[in-house]
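Listed below are the residues making up each chain.
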Amino acid sequence: QVQLVESGGGLVQAGGSLRLSCVASGSIFSINAMGWYRQALGKQRELVASITSRGSTNYADFVKGRFTISRDNAKNTVYLQMNSLKPEDTAVYYCNAGVVRSTTSKYFEVWGQGTLVTVSS
C-alpha cells in the first residue's frame, strides 16, 4: 500500500508564505511525476504545479512566479513553496504522484488527503 501525506497548510495573511510538504511511503519501487493540485470551494480541482522525475516543472498561470515546486527523491518528498499568497489561493491543496509499486510493478496514481490553505485579506 502506498500513501501520500501532506503537511504545511494553515492560515496566512495576504502576501505571506507557506511551504507544503508531501511524503510518499509504502511499497514503492519508483515515483514518476509528482504534482500539487488545489480545489477551492465550489470549484473543480486544478493543477497548481508538477515536476517530473528528472526535475522538469510545469506551473499554472495563476501561480507562475510565486510558487516553486521541488522534490527530494531520496526522501520520496515533494514540496511547494508558496510566496506572495493571495486570498484567491485559498483552497485545499492535494499532492499527487505516479507510483510503480514494488509488489506489482504496475503504475498507478496516488492522491493525498489534502491540506487546507487559507489566505486572509
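No experiment lies behind these values; they were computed from the predicted model shown. (Residues numbered from 1 in each chain as written. Predicted model: local features only at pLDDT ≥ 70, side-chain atom pairs only at ≥ 80, totals over all residues. Heavy atoms only, no water.)

Draft legend 1. Examining the nonpolar core more closely. Ranked by internal contacts, the top residues of the largest apolar core, which has 31 residues, are W36, L80, M82 and Y93. Within the residue set of this core, elements represented by two or more residues are β1 (2-7), β3 (18-26), β4 (28-39), β5 (46-51), β7 (67-72), β8 (77-82), β9 (91-101) and β11 (115-120). The element contributing the most residues to this core is β9, with five residues. (Core = buried A, V, L, I, M, F, W, Y, C linked by side-chain atoms within 4.5 Å. Buried < 20%, exposed > 50% of the residue type's maximum accessible area, 1.4 Å probe, protein only. Helix = DSSP H or I, 4+ residues; strand = E, 2+ residues; numbered from the N terminus.)

Draft legend 2. Region of interest: the state of the cysteines. Going through the model one piece at a time under the given rule, you end up with one disulfide. One disulfide bridge connects C22 with C95, the sulfur atoms lying 2.1 Å from each other. In this structure the cystine formed by C22 and C95 twists about its S-S bond by roughly -85 degrees; its chirality is therefore left-handed. In this pair, C22 sits in strand β3 while C95 sits in strand β9, placing the two residues 73 residues apart along the sequence. By relative accessible area, C22 is classed as buried at 0%. (Disulfide = S-S within 2.5 Å.)

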